[in-house]
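Geometric and topological summary
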Protein chains: 2
Amino acid sequence: MQVCFGVDIGGTTVKIGLFSEQGDILDKWEIPTVTENGGNRILSDVAESVMDAVKRHDLEKDRICGIGVGVPAAVDKNGFVSKTTNLGWIDKSVKKELEERTGFTVRVGNDANMAALGEMWKGGGQGSDNLVMVTLGTGVGGGIIVDGHILFGANGASGEIGHVCVDNEETETCGCGKKGCIEQYASATGIVRLARRYLDGKSVETMLDPQNLTAKDVWDAVKAGDSAAMQIAEIFGQYLGRALADVAAVTDPEVFVIGGGVSKAGDVLIEYVEKYFRRYAFYSNRNTRFSLARLGNDAGICGAAKMICEE
Amino acid sequence: MQVCFGVDIGGTTVKIGLFSEQGDILDKWEIPTVTENGGNRILSDVAESVMDAVKRHDLEKDRICGIGVGVPAAVDKNGFVSKTTNLGWIDKSVKKELEERTGFTVRVGNDANMAALGEMWKGGGQGSDNLVMVTLGTGVGGGIIVDGHILFGANGASGEIGHVCVDNEETETCGCGKKGCIEQYASATGIVRLARRYLDGKSVETMLDPQNLTAKDVWDAVKAGDSAAMQIAEIFGQYLGRALADVAAVTDPEVFVIGGGVSKAGDVLIEYVEKYFRRYAFYSNRNTRFSLARLGNDAGICGAAKMICEE
């Protein structure tokens, strides 16, 4: 049986999994991400941890396809990263360095793309090879799969669907410097912002406390039938449905897989998004399906493993 | 020398070209598109015309790679068309029928995608294998090339960038039934609409006559320094720049190739679009290049030939 490693390098921890070629997780563990000194220990720590696992599982080298790696940055096709916002790396040849340190073949991709590939292989997108994964977390990220392969883009920056503009009239600025990005309405902080805007100056009966509010509170209130929360969910659905209609007009996916912390709200969230997507979608895309991500934190390692298996 | 045929089936004429594998046009001609009786003569006419050319050029069959065909409709990967708006076809297996009639291998794609492939091979996108072609004509169409290949999409409907929404407040309805599509502002009729809206009720000195106006008139006036026309061009640039910023956030192309009748306005049009694109683009996409399409009416046959050459 051939095996491979899937590695997901995050700002706090590195997740590592050992996978069969069929995508079964044989082992998984985490190590801390040491971002000091320009993050120059990260790859040696990963290499060491992988080589330990090779010993621990008594793996012969010719059984190992290689190591797939996801990083929170744009990556070019040679596995080169010019800039990361939270690992400290500048101009890092991730593929080359990790291949030299381990002797295995390495492929490197953006973490959102890895999650998309993972969900296609073993999660909410199973059975489809044309999908868009939408990650609703601190920000809004995305990954696009076309014919089973990641759409990288010329700068390794495809799938930045959090920065599709959905409101020309927005006055506040997104983290990226633009105004009206869908990330400003559909991320965890975006939903809180929407809720505060909705509640501001209104005297409505609601279980929501504008001073002390999380995205989860909003969705919990929606589920409890709170009518203010349900209005906020409509606004959220309208924004995200509109953004995904635009994405569909461009790439025409078979399915949208919705993941990230915010998606833990579950099916109710999908209902609000789908309602407005159907209203705003170009007619060829109206039947695009929606599903929830299923792999949670394992999506990244799973997709990274899938990517190297394909090599 | 291997050769192939590129066929571009339009609502009025079918363009046919004989190409070398290197993309040189050895011969090209047109036949009328007979749309009567559900368009059931179109493919037999094409087959006959191709077989005539085989004789005329005294081509041995093993020198012919096949026939690439572009059609004005969504096409699935088996060369099947469910619906066309202007050929009369319903549920037409274009590939199968044309292969049976000619004995050659046939591949079929959407005409906007074929134009994109043609411009990549021999036109404004030469040297890049990640590009988005934007066709500004009666409508606004698009074709997306990723790593040298057409992005088809799950329904053969990718690249419908004319139906990316850029104005949530629009009150008039697009041909597709939605409101605020970029096609409503950047197509030939869209530009006239923008101009009329701008001039309506204003007493400005301008060479434009709102009662009798074409998109070309607007661009001619821009080139002549007419300040009202230049304001209209700013609004056009703002809308299209914004839409293409959204497209770039999704697919991250290396270059946008701008074609179609409206693009005959030339570099000045690109300047207005580029100005606003740079303002609205996500930072990873700010250096995306813009170029004018160069193949005109030959883009479709050229791209169709390229597609079959790759087979």
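The written sequence of each chain sets the order in which its residues are numbered from 1. Whichever chain is written first is A, and whichever ligand is written first is 1; the rest continue in order. It should be noted that, the model being predicted, local features are given only for residues of pLDDT at least 70 and side-chain atom pairs only at 80 or more, the latter also being counted only at that level, while totals for whole chains, interfaces and linings use all residues. The side-chain values count all of the structure's non-hydrogen atoms but skip hydrogen atoms and water molecules.

Focus on the environment of A:Ser93
- To qualify as a helix, a DSSP run of H or I must reach at least 4 residues; to qualify as a strand, a run of E must reach at least 2; elements of each kind are numbered from the N terminus. For A:Ser93, the location among the structural elements is in strand E6 (residues 90-93).
- Taking the C-alpha atoms as reference, A:Ser93 lies 38 Å from A:Arg289; in sequence the two are 196 residues apart.

Some thoughts on the sheet that holds strand E9 (residues 140-146) of chain B
Residues and elements named next belong to chain B.
- Ordered by their spatial adjacency, five strands build an open sheet running E10-E9-E8-E11-E12, and the pairing between neighbours is mixed. The sheet terminates laterally at strand E10 (149-150) and strand E12 (289-292), the two strands that pair on one side only.
- In terms of strand pairing, E9 meets E10 through two bridges, oriented antiparallel. Paired with isoleucine 145 across the two strands is isoleucine 150, which belongs to E10.
- Sheet strands touched by helix H4 (residues 111-122): strand E8 (131-136), E9, E10 and strand E11 (255-259). Its angle to E9, the strand with the most contacts, is close to 55°. The pairing criterion is simple: DSSP has to find at least two bridges between the two strands. Working rule for contacts: check all heavy atoms of both residues, and any pair within 4.5 Å makes them a contact. Helix axes are fitted to C-alpha atoms over the stretch in contact, other axes to C-alpha atoms as well, and angles between N-to-C directions run from 0 to 180 degrees.

Remarks on the pairing of strand E7 (residues 106-110) of chain B
Residue and element names in this part refer to chain B.
- Burial runs high along E7: four of the five residues are buried.
- Alignment of strand E4 (residues 64-71) against E7, held across five bridges, turns out to be parallel. The partner of glycine 68 across the bridge, within E7, is arginine 107. Here the term buried applies to any residue with accessible area under 20% of the maximum for its type, exposed to any over 50%, and partly exposed to those in between, with areas from a 1.4 Å probe on protein chains only.

Quick notes on the interface of chain A and chain B
- Of the residues lining the interface, 40 residues belong to chain A; the matching set on chain B comes to 40 residues.
- With both chains or domains summed, chain A and chain B bury close to 3,200 Å², and 54% of this area falls on carbon and sulfur atoms.
- The largest per-residue losses of area from chain A upon contact with chain B belong to A:Val250, A:Asp252 and A:Phe282, which jointly make up 20% of the total buried on that side.
- Salt bridge, as used here, is a side-chain nitrogen of Lys or Arg placed within 4 Å of a carboxyl oxygen of Asp or Glu. In this assembly, chain A and chain B are joined by two salt bridges.
- The partner of B:Asp147 in a salt bridge is A:Lys77, and the shortest N-O contact between them spans 2.4 Å.
- Under this definition, polar contacts are N or O atom pairs within 3.5 Å; protein pairs additionally need one hydrogen-donor-capable and one acceptor-capable atom, and for neighbouring residues in sequence, both atoms have to be side-chain atoms. Along the contact surface separating chain A from chain B lie 26 residue pairs in polar contact (both at pLDDT 80 or more).
- Listed by contribution, the elements that provide at least two residues to the side of chain A that touches chain B are strand E9 (140-146) and helix H8 (227-251) of chain A. Defined in terms of a 1.4 Å probe, buried area is the accessible area two parts forfeit on being brought together, summed over both.

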